[in-house]
Amino acid sequence: MWKIILLLLVSLGTVPAVLGDKSWLFNQDFSQNSNFFGKVEIEQDKKFPEFFGAKFSSDSPIYRIPSSEQFNYIDDFAVEAVFRSDEINDYRTILWKGDRSQNPQRVQFFVSTINGKLEFKFKDGKGEWYNFITSKPVIFPGLWYRVIVKFKGGYAKIWVNGRECAVGNAYWKATPLQALVKNNDPLYIGSGNYGNRIGMFFCGIIREIRIASPASKLTVDPEKDKKFEARSFQRLIQEAHDSLLDCEKLLKKIGTDKSLAYLKTQKNELDQFYRQLQDVVKNSEYDSVQPVYGKLQRKLDTFRTRLQQEYDKIARSIFFKKLAKHADFAVATLPTGKGFRKSPQAYQTFEQHDVVSMRAARGEVESFQIIPMAGNAATRISIDFSGFISENTGKSLPRVATWGVIRDVTATQTMLAACRT
């Protein structure tokens, strides 16, 4: 009896771990997953419900999964990723497994894009890179993709939306690897690594990641992927249509002044691009979709900016006439990246020589805007800064501040010209 039990224990101890299939579906139920280092934002397209996923960028939480024997793949496995890229410049990491802070660096496998090309790469035991990369760009911003990478016998094949892509030979003059170099490092989704720091972030939405072994478990279905791609293009057209409607509404708000005739001409050009986009999708000229959409999107961005500038000119004029007909000035603090606040509650009005107090947060840069009211012909304004007073204690704080005229306002910062303390 004891011999039998001992033999069973020895047998069980020598059975190798079996690789399993792993999948991650980034839906609303996944938003609080403990592998995210922070709260993740899940995006859901209401008009196209199949397009959803976790939002990844340089500001999003890091998603890291501890290594496991069940997905420590080295040969005969496949990776599937469903995603939308919003930025394709530079390296954008979909997933990778390894530790690049070590010497030599450890990279078991790495799936990413570089300027629209898709790549599957890895390092050998000496830290040398081997890269299977598509011969031309296959990923474009704003579109959804289902990508499958299969690795077997040292070589990788890549499919994008059901079409196999031509890839370069990773080995060139080197001896091909028969299998990847295993490591016990974490698997990362949506972020890469430069060595000692996280980087090469994916920018966009990742809906799903699947890894399976053997590679044959993940099958390429061209018909299914063709429908998926068609829905992606329909979504693109809907997005362009919605943007055009927004521009149309703004154009109507501005009015029909003859000086704005050029804006209507621009709108007509946008309508032509939109119809062209519809035609190439309808005729399945998929290689032509991205160039047409790219031109439309660039023109939309420029047109929308110009429209907003014209609208703001009119809005400011009306706004400040209503705000204070008898005041000399209006003043308001400005959040970072804003050049104008539209809410009347944000402004204080005052006469010359009035004392005005404003709130400022500790440890932050605060900017404010002084605006002459309608009919005020002031050409020079001087400011006397009294210093900071604590709201809690009423005591004066050190009188230190850096002043300067606002030079430029961007989406992320307010920049000053020559400053003085």
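Refer to the structure above for everything that follows.
Because the structure is predicted, anything quoted here is derived from the model rather than measured.

About the criteria used
- Residues numbered from 1 in each chain as written.
- Predicted model: local features only at pLDDT ≥ 70, side-chain atom pairs only at ≥ 80, totals over all residues.
- Heavy atoms only, no water.
- Salt bridge = Lys/Arg side-chain N within 4 Å of Asp/Glu carboxyl O.
- Helix = DSSP H or I, 4+ residues; strand = E, 2+ residues; numbered from the N terminus.
- Buried < 20%, exposed > 50% of the residue type's maximum accessible area, 1.4 Å probe, protein only.
- Phe/Tyr/Trp six-rings, centres within 6.5 Å; stacked < 30°, edge-to-face > 60°.
- Lys NZ or Arg CZ within 6 Å of the ring centre and 35° of its normal.
- Core = buried A, V, L, I, M, F, W, Y, C linked by side-chain atoms within 4.5 Å.
- Contact = heavy atoms within 4.5 Å.
- Pairing = 2+ DSSP bridges.
- Axes fitted to C-alpha atoms, helices over the stretch in contact; angles between N-to-C directions.

Bringing the pattern of salt bridges into the picture now. When the charged atoms of two side chains lie near each other, side chains of opposite charge can form a pair. Taken as a whole and assessed by the stated rule, the structure comprises 17 salt bridges. The partner of glutamate 80 in a salt bridge is arginine 146, and the shortest N-O contact between them spans 3.2 Å. Here glutamate 80 is found in strand S6 (residues 77-85), whereas its partner arginine 146 is found in strand S11 (residues 144-152), with 66 residues between them in sequence. By relative accessible area, which is 8% here, glutamate 80 ends up buried. By relative accessible area, which is 10% here, arginine 146 ends up buried. Here arginine 210 and glutamate 80 are joined by a salt bridge, their closest N and O atoms 3.0 Å apart. One end of the pair, arginine 210, is in strand S17 (residues 204-212); the other, glutamate 80, is in strand S6, with 130 residues separating them in the sequence. Among the ionic contacts, a cluster of salt bridges with common partners joins Glu80, Arg146, Arg210 and Asp225.

Turning our attention to the packing of aromatic side chains. Per the stated rule, a full pass over the model turns up 23 aromatic pairs. Each residue in the set Tyr73, Phe77, Phe109, Phe120, Phe122, Tyr130, Phe132, Phe151, Tyr155 and Tyr171 is aromatic and connected to the rest through ring pairs, giving one cluster. Taking the ring centre of tryptophan 129 as reference, the NZ or CZ of lysine 121 above it sits at 5.0 Å. The ring centre of phenylalanine 228 lies 4.6 Å from the NZ or CZ of arginine 146, which sits over that ring.

Core analysis: the largest hydrophobic core is formed by 70 residues, its most contacted members being Trp24, Phe26, Leu95, Phe120, Ile189 and Ile209. Per-element tally for this core: the top contributor is helix H2 (residues 222-254), with 9 residues. Those residues within four positions of tryptophan 24 in sequence are excluded, and the remaining contacts are Phe30, Tyr63, Ile65, Leu187, Ile189, Arg207, Glu208, Ile209 and Ile211. Listed in part, the 6 residues of the second largest apolar core include Phe48, Val82, Trp144 and Ile205.

Backbone-to-backbone hydrogen bonds pair the strands of a sheet. The strands run either parallel or antiparallel. Taken in spatial order, the 3 strands make up an open sheet running S19-S18-S20, and their pairing is antiparallel. Both edges of this open sheet fall to strand S19 (348-350) and strand S20 (367-372), since each of them pairs with a single strand only. Direction aside, neighbouring strands of the sheet carry axes that sit 25 degrees apart on average. Across 6 bridges, the pairing between strand S18 (residues 329-334) and S20 is antiparallel. Residue alanine 332 lies in a different strand from S20, and its bridge partner there is glutamine 369.

As a further point, take the environment of glutamine 266. Topologically, glutamine 266 is positioned in helix H3 (residues 261-282). Remark: the alpha-carbon pair of glutamine 266 and lysine 299, spanning 33 residues in sequence, is separated by 8.5 Å.

The subject of this paragraph is the sheet that holds strand S5 (residues 62-65). Reading across the sheet, the 7 strands line up as S2-S5-S14-S7-S8-S9-S10 and stay open at both edges, with antiparallel pairing between neighbours. Looking along the sheet, the strands with just one partner apiece sit at the ends: strand S2 (36-37) and strand S10 (129-133). With 3 bridges joining them, S5 and strand S14 (residues 187-189) adopt antiparallel strand pairing. Bridging from a neighbouring strand, isoleucine 65 pairs with leucine 187 of S14.

Purely geometric stuff here, so don't read any function into it on its own.
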